Amino acid sequence: MAENIVEFRHITKRFPGIVANDDVSLSVKEGEIFAVLGENGAGKSTLVSMLFGMYEPDEGEIYVRGRLEHINSPRYAGSIGIGMVHQHFRLVSNYTVAENIVLGLEPVSKIFGIFPYVNIKKANHDIAELSERYGLKVNPTDVIENLNVATQQRVEILKMLYREAEILIFDEPTAVLTPQEIESFLKIVKGLRDGGKTIILITHKLREIKAVADRCAIMNRGKLIDVLDVETSSTDDMARMMVGRDVSFKTERKPAKFGDVILDVENLTVRNRAGFEAVKSVSFQIHAGEVFAVAGVSGNGQNELADSIAGLVMPSGGTVKLNGHDITRSSVREHLTAGVAYIPEDRHNVGLVLDFTLRDNFPLRQYYTGKFSSNGIISKSEFESYGEKLAEAYDIRSGQGGSTITREMSGGNQQKAIIARELDMKTPLIIFMQPTRGLDAGAVMNIHRHITAERDRGAAVLLISLDLDEIMDCADTIAVIYNGSISKISPASEISTDEIGLYMMGVKTA
Amino acid sequence: MRKFSQSLFAIIISLAFGALILWLMGKDPVSAYMDILRGSGLMEKVKYSGRQNMFTDFMSFIDALTPMIFASLAVALALKGGFFNIGIAGQMLFAGFCAHMAALFIPSKIAVIVIGFIAGALIGALIGWLKYRFNVNEVVTSIMLDSILMYLITFYINTFYINPVSRQSKSIISGARLTLSGFRWEGMKLDIALAFPVAIITAVILNWFIERTTYGYEIKATGLSPHAAYYAGINVNRTALMTMTLSGALAGLAGVSYFCGYLAAIQPGETPLIGFDAIAVSLLGGNNPLGCVFASFLITVISKGTIYMSSRQNIDIEIASLITAFILTFAACSSFLGRRRK
């Protein structure tokens, strides 16, 4: 048996109002893929962040290679061979791949033996070699901002390898990847393990754990529930432990009952900021009581489609009709009053004012209405009671109730807050844009249930997602968007995942 | 509450630094600080000249405090809306100048206040408009406008409006001045700042405006997250323009209470230091209108009281600016330290 390379002993970490880790002890063996599984807010990121020196534990000790370490900064973590790829990449977007990788550890040469300069040729050469050795395909001279997410992730991995990290931490690495990219990422991780690295994988995707991990720690509400051998455990068991109750993976759904056409999109064309046609002459209809899901690989016009129907971006051509009224050129607020709720993809910058309290975020879209204000004067008591009502109804947890600064809440609860706010308006049309990205199984279930409930209430639902499972679970009608055009529209029951995949990749076109 | 303790921390550290410097200069910090309080009319001086006492000192302290309150409110409001209005000084000068000119035709205190409000608002609106129309950074435009306005006004004063004896502009006629200077009452000669109650009421109203109106909600949302504000259906450009217009208007009130109140004339070739101290005051007050009143009080105690202290202790008057600068630095540091988490 390989020996323990990392040991957490009785780790406790508290944040205001929350115990993020409660007496957690576990050890990671050298050369294994060790997964940490848990819902959002279960404390898995906190635990691993302490290993990378982003926080220090309030109580308990961390041993690395048998030695007690006080890891007080990522720099120190790096010096003892620990590397981390964050969920949001930390790359300089206008630098090349090689420049990003060597940043801070540049190969230095000297002109005339005196004046130092960064030897970028050597850097490019080293990176090419490194990329070859680990089978991580990158071109050292490409500029980061021109690369897709999966390639950027490879750059992050190479960055760790260049720094000779032996313990590699991945925080939700597959949250932003497409199914095909996930496959290749999992292969990379296995390759790294076989090359002798120790991998710590934070995730809540059971399938990935089952596919690659050797062992798996399960956390729930700050406590370590168990450490399992992945091979001998079933995903059902893992899910149950993670959520603390039985989870059914399939949402129970009544058959859809379509009503009248609510949303009628005709020849919609939208230009993106660069003036490029991101959505090209798209037409579809959504009925009352229908979940219309749009599948597609990231960056095929989904953002522009959602933003233009929600009124955030003015289309350059075509019409959008809601209940027969033309709303193509209406303002954001006119869309709201007409009845379009929108759960945007970017919950931090668009969906919420992060530095507002939770209570102030709920009325964000309705504060001007008679419910929350009269003659421009805000009703504090209405803000308060509304906040309590929504937090209660949608089970939104926060450290200090309505006065919690939204920034300090977990991602899952932030998303719940947005969903609560939008659904409570009871609009005829609801747009869900990537509603479950980065959320754990429990939260995903919850959101899928809401989607179904809204449909059953008689709302038209437009669901745009990169997650094919999500689309298969929720959709009544499936459309595939490729390169700005809708290449296929089909009832969900009449199309297979494989076929959708072919349309997504542009192999098949209508 | 956290903001309050940050501010308190900034003040204590800064006073400690000031004390250290005084001590290094061979002075007694305690008696120096007590002289500052005496100079602001908060402690009894050893002796007074005729018709003066602690109360008259306090009244002239209030006179100096009034423009500071307005100026810091201008900074605070702009910061709430996501703008760093660093050009308060220029807006003050322009408003003061316009009021001087208007008073030549309409010698009325009300007119002075109204003209100051409008003149400041115009400059603020210009900065806001440049921001949303051409996306020019407000820090650049406001500081450049400071210079442009200052030189234009200096030119005009030196050419048409100079008092050849004092080398300042002519004085505003007393009927239009916002401070009753040398008012005799109970054997005392008082300076009464008529704009002071206006300043306090403005602070209270502004606080209510920001916290309890939909406009305030829009300003805060826009300031904290323009994208989210846009998604909320807020007209982000209009809100930004309104914020800067109001901020400029408040700076204008600071201008008239300074140049047509505390002072009666305009010194050509200078912008008022208050315009810059107001930034420290606003940060110290946690960008809260009521906090600004208290912070203004404190900073004005230091700047006003130091005049007396410097003559008593034979210390250069710049020590006041030094302590204020310390407070600015620490207030800025602690407000950034406070948001470092996550």
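Being a predicted model, the structure only gives us computed values, none of them experimental.

Moving on, we get to the overall build of chain A. In terms of regular secondary structure, chain A is built from 17 helices and 24 strands. Scaling as 2.2 N^0.38, a compact globule of 510 residues should have a C-alpha radius of gyration of about 24 Å, and chain A matches this with 24 Å. Among the 510 residues that make up chain A, the fraction classed as buried is 49%. Considering only contacts in chain A between residues 6 or more positions apart, those separated by 24 or more positions represent 67%.

Now for the overall build of chain B. Helices and strands together make up the secondary structure of chain B, namely 13 helices and four strands. For chain B, whose C-alpha radius of gyration is 20 Å, the value lies close to the compact-globule estimate of 20 Å for 342 residues. Summarising its shape, the C-alpha atoms of chain B cover approximately 65 × 55 × 35 Å along the three principal directions. Counting across all 342 residues of chain B, residues that qualify as buried make up 52%. In chain B, the share of contacts with a sequence separation of at least 24, taken over all contacts with a separation of at least 6, comes to 77%.

A few words on the packing of helix α2 (residues 29–39) of chain B against helix α12 (residues 289–313) of chain B. Residues and elements named next belong to chain B. In the contact formed by α2 and α12, the axes pass within 7 Å of each other and the chain directions differ by 120 degrees. At the point where α2 passes α12, the crossing takes the right-handed sense. In this structure, α2 contributes Ala32, Asp35, Ile36, Leu37, Arg38 and Gly39 to the contact, and α12 contributes Val301, Ile302, Lys304, Gly305, Thr306, Ile307, Tyr308, Met309, Arg312 and Gln313. Looking at the contact of α2 with α12 residue by residue, the classes come out as eight nonpolar, four polar and four charged.

The next thing to look at is the domain arrangement of chain A. Where interface size is given, it is often the accessible area lost as the parts come together that is meant. Its domain assignment divides chain A into domain 1 (4–243), domain 2 (248–339 + 428–510) and domain 3 (356–426). Each of domain 1 of chain A and domain 3 of chain A was reduced to a C-alpha centroid, and the two centroids are 35 Å apart.

A few words on the sheet that holds strand β13 (residues 261–271) of chain A. Residue and element names in this part refer to chain A. Strand order in the open sheet formed by four strands is β14-β13-β16-β17, with antiparallel pairing between adjacent strands. Here the strands that pair on one side only, and so sit at the sheet edges, are β14 (277–287) and β17 (325–326). Pairing geometry for strand β16 (residues 317–322) and β17, over two bridges, is antiparallel. Counterpart to Leu322 in the pairing with β17 is His325.

Within the fold, B:Asn158 resides in helix α6 (residues 138–160). In this structure, the C-alpha to C-alpha distance between B:Asn158 and B:Asn235, residues 77 residues apart in sequence, is 44 Å.

This part covers helix α15 (residues 441–457) of chain A. Residue and element names in this part refer to chain A. Across its 17 residues, α15 extends 24 Å between first and last C-alpha, which sits within 8% of the 24 Å expected from 1.5 Å per residue. In terms of burial, α15 is a largely internal element, 12 of the 17 residues being buried. Regarding α15, the residues found buried are Ala441, Gly442, Ala443, Val444, Met445, Ile447, His448, His450, Ile451, Thr452, Glu454 and Arg455.

A few words on the nonpolar core. In terms of nonpolar packing, the biggest core is built from 254 residues, with A:Ile431, A:Leu463, B:Ala71, B:Ala74 and B:Ala254 touching the most fellow members. In this structure B:Ala254 touches B:Pro67, B:Phe70, B:Ala71, B:Ala74, B:Ile88, B:Met92 and B:Ile274, once residues within four positions along its chain are discounted.

Contacts between the two partners involve 15 residues from chain B and, on the opposite side, 23 residues from chain A. Listed by contribution, the elements that provide at least two residues to the side of chain B that touches chain A are α8 (214–224) and α9 (226–231) of chain B. Tallying contributions element by element places α8(B) first for the side of chain B that touches chain A, with five residues.

With that settled, consider the packing of helix α3 (residues 54–80) of chain B against α12(B). Residues and elements named next belong to chain B. Between α3 and α12, the shortest axis-to-axis distance is 8 Å and the interhelical angle comes to 135 degrees. If you check the angle between α3 and α12, you find them oblique. Between α3 and α12 the crossing geometry is right-handed. Contacts between α3 and α12 involve Phe61, Ala64, Leu65, Met68, Ile69, Ser72, Leu73 and Ala76 from the first element and Pro289, Cys292, Val293, Ala295, Ser296, Phe297, Ile299, Thr300 and Lys304 from the second. Among the residues making up the contact of α3 with α12, the classes are represented as 13 nonpolar, three polar and one charged.

All names here are of chain A. Read across the sheet, four strands follow the order β2-β1-β4-β5 without closing on themselves; strand pairing throughout is antiparallel. Looking at which strands have only one partner, the edges of the open sheet turn out to be β2 (18–29) and β5 (67–69). On average, adjacent strands in this sheet sit at an angle of 25 degrees to one another, irrespective of strand direction. Sheet strands touched by helix α1 (residues 44–51): β1 (4–15), β2 and β4 (59–64). Its angle to β1, the strand with the most contacts, is close to 120 degrees.

All right, on to unusual backbone geometry then. The backbone of A:Asp395 sits at a positive phi, close to 55 degrees, despite the residue not being glycine. The topology assignment puts A:Asp395 in the loop between α13 (380–393) and α14 (411–423). For B:Asn314, which is not glycine, the phi torsion reads 60 degrees and is therefore positive.

Residues and elements named next belong to chain B. Between its first and last C-alpha, α6 extends 32 Å over 23 residues, near the 33 Å set by a 1.5 Å rise per residue. Buried within α6 are the following residues: Glu138, Thr141, Ser142, Asp146, Leu149, Met150, Ile153 and Ile157. On the buried face of α6, the contacting elements are α4 (88–105), α5 (109–134), β1 (162–163) and β2 (168–169).

Residues and elements named next belong to chain A. Of all five residues in strand β15 (residues 291–295), five are buried, a share of seventy percent or more. Examined bridge by bridge, β15 and strand β22 (residues 460–464) share four bridges and lie parallel to one another. Across the sheet, the residue bridging to Val291 is Val461, located in β22. Relative to strand β23 (residues 477–482), β15 is paired through four bridges, and the arrangement is parallel.

Here we come to the environment of A:Leu466. Position of A:Leu466 among the secondary structure elements: in the loop between β22 and α16 (468–474). Put simply, A:Leu466 and A:Ala175 are 291 residues apart on the chain and 9.9 Å apart in space, counted from C-alpha to C-alpha.

Our next topic: the confidence of the model for chain B. All names here are of chain B. Scored by pLDDT, chain B has a mean of 91; 97% of the residues are at 70 or more. Mean pLDDT values over the elements of chain B span from 76, in helix α13 (residues 318–338), up to 97, in helix α7 (residues 196–212). Here the predicted complex carries an ipTM of 0.85, next to a pTM of 0.77.

Time to look at the environment of A:Asp260. Residue and element names in this part refer to chain A. For Asp260, the position within the fold is in the loop between α8 (235–243) and β13. The spacing of Asp260 and Glu290 is 30 residues in sequence and 9.9 Å in space, taken between C-alpha atoms. Among residues more than four places away in sequence, those in contact with Asp260 are His287 and Ala288.

Basis of the calculations
Residues numbered from 1 in each chain as written. Chains lettered and ligands numbered in written order. Predicted model: local features only at pLDDT ≥ 70, side-chain atom pairs only at ≥ 80, totals over all residues. Helix = DSSP H or I, 4+ residues; strand = E, 2+ residues; numbered from the N terminus. Rg over C-alpha atoms; globule rule 2.2 N^0.38 Å. Buried ≥ 20, exposed ≤ 12 C-beta atoms within 10 Å, placed from the backbone. Contact = placed C-beta atoms within 7 Å. Axes fitted to C-alpha atoms, helices over the stretch in contact; angles between N-to-C directions. Left-handed = near helix turned anticlockwise from the far one by under 90°. Nonpolar A, V, L, I, M, F, W, Y, C, P; charged D, E, K, R; others polar. Domains from an automatic or database assignment. Pairing = 2+ DSSP bridges. Expected span 1.5 Å × (residues − 1). Core = buried A, V, L, I, M, F, W, Y, C linked by C-beta atoms within 7 Å. Parallel < 35°, antiparallel > 145°, perpendicular 65-115°, else oblique. pLDDT = per-residue confidence, 0-100.

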